[in-house]
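# Chains, contacts and geometry: an overview
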Amino acid sequence: MSDPQAERADPAGEDVRRLSPLTVLVTALPNLPQALIGLTAAWFSIDLDQTGIPFVVLLVPVLALVMGLTALSWWRFTYVVQDDDIRLSSGLIARTNRSLPFDRIQDVNIEQPLLARIFGLARVRFETGSGGGGEEGELKFVSLAEADQLRLLVQHRRLGTRAAVATAAVTEEQPGRTLFAMSTRRVLLAGCFKFSLVFMAVIGAALQNMDWLIDDDWWSKEQFGQIMGYEAQLESLSAMTQIIGALILAVTVLVVGFISGIIRSLLRDSGFVLERTDTGFRRRRGLLTLTDIVVPIHRIQAALIETGPIRRRLGWYGLKIQSLASEGEKEPDHELAPFARVQEIDAILAETPIKPWWNRHGLFAADSIYWQSVALCSLPIPSIMTVVFHVQDVPLLPVPFLIWALLMGVLEMRRKRHLWGLIDGHLIVHDGLLRQRLTILPAAHVQSADIKDGPLYRFAGFTNLVVGVAGGSGIAPLTIHAMPRDLALQLRRALLDGTPGTI
């Protein structure tokens, strides 16, 4: 694998490589706004403008410090591709040397943030499936051609191809067969079901961090009225007008939430393409930040189908799979189809050992002991609140029990939708009221099955079964609630004996 970034700097003849020199710019530029904001805040808070020192005099050393530290970090980071592993060395003073054996690398993910795309760079992340993240490796940043060759090289070494050396060119990966793709129209439609208040949180955080620029009195009704020129009108507002204002605020929040969901969907899923390659699934997506991941078929552990009450009635579902390696800290599972029809999900799962299951009538429901135990244990809370209201002479005596009854009603609805079954060697678990999740887990991938219960469950003859699956994921551990003890023991034996069949 030849690249201008590589250089023979090791006395043993190892091909010691450095990241692209452009990494200094790509890494430092995003940090400059934070440095400028901090410097500006210090300028106004300490009244440095009164000293006569020009702002640019302080700006230059700050920029030099940021660029200098970034350049030192780039210079001290090296990596070597050997026959059996990839070795990373980093650290300005305290050096860290890490070895990533090829047989432990589960996935190689390629990501291109917007600034890196401009310079033709990519971030390479080696997933080892360690769970804790301590043994993961990352190259931030190398050229896109180098990233593609590194991924192909890891795939070849994992398959046992030892003939190629680290500096040999790897055959380009053949184009895959497209299984699923999302048009812009579908991405926008998917965003309508991803309500999010992330923009509100960003605005709130920005206002909180920039409070040194805003006077505290600015938020008062009187100050606002003086600024806008209708202080008298604000003072004469009736209670009904304030209620209407609160309703307008609520509607505004809802609108912002829907718009935020659409924008997030556009940024995340634009250009979504899922292909079937020789090694597994290859997924590419992203508007500003492009991600390119490959999930080997033999590493897939379970499937997770998600939907909601409205989406299900309209026939839309989302498909995720659990692999031995996660997609990242924020996304433990790989998303293969964010917004798809049943036929599209069936076509994707047909490429895996996992069989789809859509019929809920063949599944068991959690026993009513699940609802009764929670209701009984939580009953003292509204009772205590009622006594407190009575002592304090608060005219809200029935409110605690009304809220308790509402919550218990919601819990009972969730219980009826908590379904499970063991069908054709697959453990099927359905859960959720608004966010409905259908987990399909091949019994051969079950790592553990633990019985967990409490005194009330043991007295009534019921228990919970907690099923463990390999790999870090949002799916595992999988809990089946309120099972008859005999049936739970039968299911555990079936899962762990390797002859699951159907229950």
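Note that the structure is a prediction, hence the values are computed from the model and not measured.

### Points about the overall build of the protein chain
- The secondary structure content of the protein chain amounts to 17 helices and 22 strands.
- Across the 503 residues in the protein chain, those meeting the buried criterion constitute 40%.
- In the protein chain, the share of contacts with a sequence separation of at least 24, taken over all contacts with a separation of at least 6, comes to 56%.
- When the accessible area of the protein chain is evaluated, it comes to approximately 26800 Å², of which 62% is carbon and sulfur surface.

### A word on the environment of phenylalanine 389
- If you trace the backbone, phenylalanine 389 turns up in helix H14 (residues 380–391).
- Considered as a pair, phenylalanine 389 and valine 399 are 10 residues apart in the sequence and their alpha carbons are 9.8 Å apart.
- Excluding residues that lie within four positions of it along the chain, phenylalanine 389 makes contacts with Val394, Leu396, Leu397 and Pro400.

### Some thoughts on the sheet that holds strand E16 (residues 364–365)
- Strands sit in the order E15-E14-E13-E19-E18-E17-E16 across an open sheet of seven strands; the sheet is antiparallel. The sheet is open, and its two borders are formed by strand E15 (334–340) and E16, each paired with just one other strand.
- The pairing of strand E18 (residues 426–431) with strand E19 (residues 436–442) spans six bridges and is classified as antiparallel. Each bridged residue has a counterpart across the sheet, and for isoleucine 428 the counterpart in E19 is isoleucine 440.
- Relative to strand E17 (residues 419–423), helix H17 (residues 485–497) is tilted by about 45 degrees, and along the sheet it contacts E16, E17 and E18.

### Thoughts on the side chain of histidine 426
- Relative to the helices and strands, histidine 426 is located in strand E18.
- At 3.3 Å, the side chain of histidine 426 forms a polar contact with the backbone nitrogen of lysine 355.
- If near-sequence neighbours (up to four positions away) are discounted, histidine 426 is found in contact with Pro353, Ile354, Lys355, Gly421, Ile440, Leu441, Pro442 and Ala443.

### A word on the environment of threonine 291
- Tracing the backbone shows threonine 291 in strand E12 (residues 290–296).
- Judged by relative accessible area, threonine 291 falls into the buried class, the value being 18%.
- For the pair threonine 291 and proline 113, spaced 178 residues apart in sequence, the C-alpha to C-alpha distance is 8.4 Å.
- Look past the residues within four positions of threonine 291 in its chain and what remains in contact with it is Ile110, Glu111, Arg283, Arg284 and Arg285.

### Quick look at the nonpolar core
- Ranked by internal contacts, the top residues of the largest apolar core, which has 32 residues, are Phe180, Phe281, Leu319 and Ile348.
- Here the element with the most residues in this core is E15; it accounts for four residues.

### Describing the pairing of E15
- Along E15, seven of the seven residues are buried, which leaves the element largely enclosed by surrounding structure.
- By the bridge criterion, four bridges tie strand E14 (residues 317–323) to E15 in an arrangement that is antiparallel. Note on E15: the bridge partner recorded for tyrosine 317 is alanine 340.

Scoring rules and cut-offs
- Residues numbered from 1 in each chain as written.
- Predicted model: local features only at pLDDT ≥ 70, side-chain atom pairs only at ≥ 80, totals over all residues.
- Heavy atoms only, no water.
- Helix = DSSP H or I, 4+ residues; strand = E, 2+ residues; numbered from the N terminus.
- Buried < 20%, exposed > 50% of the residue type's maximum accessible area, 1.4 Å probe, protein only.
- Contact = heavy atoms within 4.5 Å.
- Areas by Shrake-Rupley, 256 points an atom, 1.4 Å probe, with all protein chains shown as cover.
- Pairing = 2+ DSSP bridges.
- Axes fitted to C-alpha atoms, helices over the stretch in contact; angles between N-to-C directions.
- Polar contact = N/O pair within 3.5 Å; in protein donor to acceptor, adjacent residues only side chain to side chain.
- Core = buried A, V, L, I, M, F, W, Y, C linked by side-chain atoms within 4.5 Å.

Purely spatial values, then, with no claim about function.
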